[in-house]
Structures are given as structure tokens and as C-alpha cells.
Amino acid sequence: MEKITLQELVARVERGENVEVVDYEGNLVVVDKVKGVVKGDFSQEDLSELKKRKPRGKPTKEQLALAAEIAKLLAEARQRFKIVYGPKEVTIRVGSGFIRVTEDDVRLAGYSGLEEAPLPLIIDTLRKYGEVKLLKPLK
């Protein structure tokens, strides 16, 4: 674990480094090495909807810029979150669910609605990127 500034956190995210924010101490952000995104209690149908694509390559510049903006908003609100990069996609685990940013759209899984925290903090930013799809949570 290490303590970094908000600016360093945003810079790491813009460079495409996987990062997990585990805590905050004063003006510093406590980050740890990422161990992957745990999907939690989601149906196979929801997970298969997230996994439909098998692209190659790195996240796009637009995805990196979006992830950096989301990281800044979440850190300013002192939220714990994790960002993991995949080929042409970014996965952000925050709150009770996670956000998958693909080339075409943004998919939200594990949230009961767009008003569930921390989505109101970031929903406008996500909508600027593209269509936002809310996948239904398990009942």
C-alpha cells in the first residue's frame, strides 16, 4: 500500500494503471495493488451480458480520460473504488456494483437504480461518454 495525492491518482489512471483506492488519510489517497474485480452475487445472464465482447488491444484514449475523470470525482467524494483495464474496456468497481465502459456504451451491474450511491456523483460524466445501460440486479 502507498499514499499518493489526488493528482497522482488521476495521472496513474490516465496512464492505464490498474488501481484500488482502499482509504483516505487527510489529503492523501491510500492505494493498493489490484487483485482483480470480484463480481459478487450476479446471475450468469448478467455476467454473460458483460462478457459478450472479446476485443484485443488497450483501452482507448476516451476510455482512459473517462476513467480519470470518474476517479477524480469518486476520490473527491472519498469513495473506495477499483479500476481495472482490459482490452478496449475499463471496469470500475464501486459501491455494491461495477461499471463496464466498452467502446460503444457504459453498462452498470449490481445497482438497483441510477439514484443508488455513488451513481449520482458520476452519471452525467458517464452519459457524456455514451449510452448508459443498467443491468438488472439479482432479486
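Everything that follows concerns the structure shown earlier in this document.
Worth saying up front: this structure is predicted, and the values here are computed from it rather than measured. (Residues numbered from 1 in each chain as written. Predicted model: local features only at pLDDT ≥ 70, side-chain atom pairs only at ≥ 80, totals over all residues. Heavy atoms only, no water.)

## A closer look at unusual backbone geometry
Then, in step 1: In the segment running from Ala-117 into Pro-118, the intervening peptide bond is cis, with an omega of 5°.
Then, in step 2: With respect to the element layout, Pro-118 can be found in the loop between strand S7 (105–109) and helix H4 (119–129).
Then, in step 3: Even without a glycine there, the phi angle at Arg-78 is positive, about 60°.
Then, in step 4: Within the secondary structure layout, Arg-78 lies in the loop between helix H3 (61–76) and strand S4 (81–86).
Then, in step 5: With a phi angle near 55°, Lys-88 is a residue other than glycine that sits in the positive phi range.
Then, in step 6: Along the polypeptide, Lys-88 turns up in the loop between S4 and strand S5 (89–94). (Helix = DSSP H or I, 4+ residues; strand = E, 2+ residues; numbered from the N terminus.)

## Observations regarding H3
Then, in step 1: Taking 1.5 Å per residue as the helical rise, H3 with its 16 residues ought to reach 22 Å, and the 23 Å between its terminal C-alpha atoms agrees with that figure.
Then, in step 2: Among the residues of H3, Gln-63, Leu-64, Leu-66, Ala-67, Ala-68, Ile-70, Ala-71, Leu-74 and Ala-75 are the ones counted as buried.
Then, in step 3: Taken together, the buried residues of H3 touch helix H1 (6–14), strand S2 (19–25), S4, S5, strand S6 (97–101) and H4.
Then, in step 4: Of the residues trailing H3, Arg-78 is marked for its positive phi of about 60°. (Expected span 1.5 Å × (residues − 1). Buried < 20%, exposed > 50% of the residue type's maximum accessible area, 1.4 Å probe, protein only. Contact = heavy atoms within 4.5 Å.)

## Some points on the packing of H1 against H3
Then, in step 1: Two elements in contact, H1 and H3, have axes whose closest approach is 8 Å; the angle formed by their N-to-C orientations is 155°. Relative to H3, the element H1 is oriented roughly antiparallel. Relative to H3, the crossing made by H1 is right-handed. For the pair formed by H1 and H3, the contact residues are Leu-6, Leu-9, Val-10, Val-13 and Glu-14 on the first element and Leu-64, Ala-67, Ala-68, Ala-71, Lys-72, Ala-75 and Glu-76 on the second. (Axes fitted to C-alpha atoms, helices over the stretch in contact; angles between N-to-C directions. Parallel < 35°, antiparallel > 145°, perpendicular 65-115°, else oblique. Left-handed = near helix turned anticlockwise from the far one by under 90°.)

## Some thoughts on the pattern of salt bridges
Then, in step 1: Under the definition given, this model contains ten salt bridges.
Then, in step 2: Residues Glu-25 and Lys-3 are paired through a salt bridge, measuring 2.7 Å at the closest nitrogen-oxygen approach. You can see Glu-25 sitting in strand S2 and its partner Lys-3 sitting in strand S1 (residues 2–4), a full 22 residues away along the chain.
Then, in step 3: For Lys-3, a relative accessible area of 48% corresponds to the partly exposed category.
Then, in step 4: Notably, a salt bridge pairs Glu-8 with Arg-15, separated by 3.4 Å at the nearest N-O pair.
Then, in step 5: Judged by relative accessible area, Glu-8 falls into the partly exposed class, the value being 28%.
Then, in step 6: Each of the salt bridges in this network shares a partner with another, and the network as a whole consists of Glu-2, Glu-8, Arg-12, Arg-15 and Glu-17. (Salt bridge = Lys/Arg side-chain N within 4 Å of Asp/Glu carboxyl O.)

## Concerning the packing of H3 against H4
Describing two packed helices takes the angle between their axes plus the distance from one axis to the other.
Then, in step 1: Where H3 contacts H4, the axes come no closer than 10 Å and their chain directions differ by 170°. By the angle between their axes, H3 is roughly antiparallel relative to H4. Each of Glu-62, Gln-63, Leu-66, Glu-69, Ile-70, Leu-73 and Leu-74 in H3 lies in contact with H4, whose residues at this interface are Leu-121, Ile-122, Thr-125, Leu-126, Lys-128 and Tyr-129.
Then, in step 2: Considering only residue class, the contact of H3 with H4 consists of eight nonpolar, two polar and three charged. (Nonpolar A, V, L, I, M, F, W, Y, C, P; charged D, E, K, R; others polar.)

## Quick notes on the sheet that holds S5
Then, in step 1: Spatially, S1-S3-S2-S4-S5-S6-S7-S8 is the arrangement adopted by the eight strands of the open sheet, whose pairing is mixed. If you trace the sheet from one side to the other, it starts and ends with S1 and strand S8 (131–134), each paired once. In this sheet, neighbouring strand axes are inclined to one another by 25° on average, regardless of whether the strands run parallel or antiparallel.
Then, in step 2: The sheet contact formed by S2 and S4 spans three bridges and is antiparallel. Paired with Val-21 across the two strands is Phe-81, which belongs to S4. (Pairing = 2+ DSSP bridges.)

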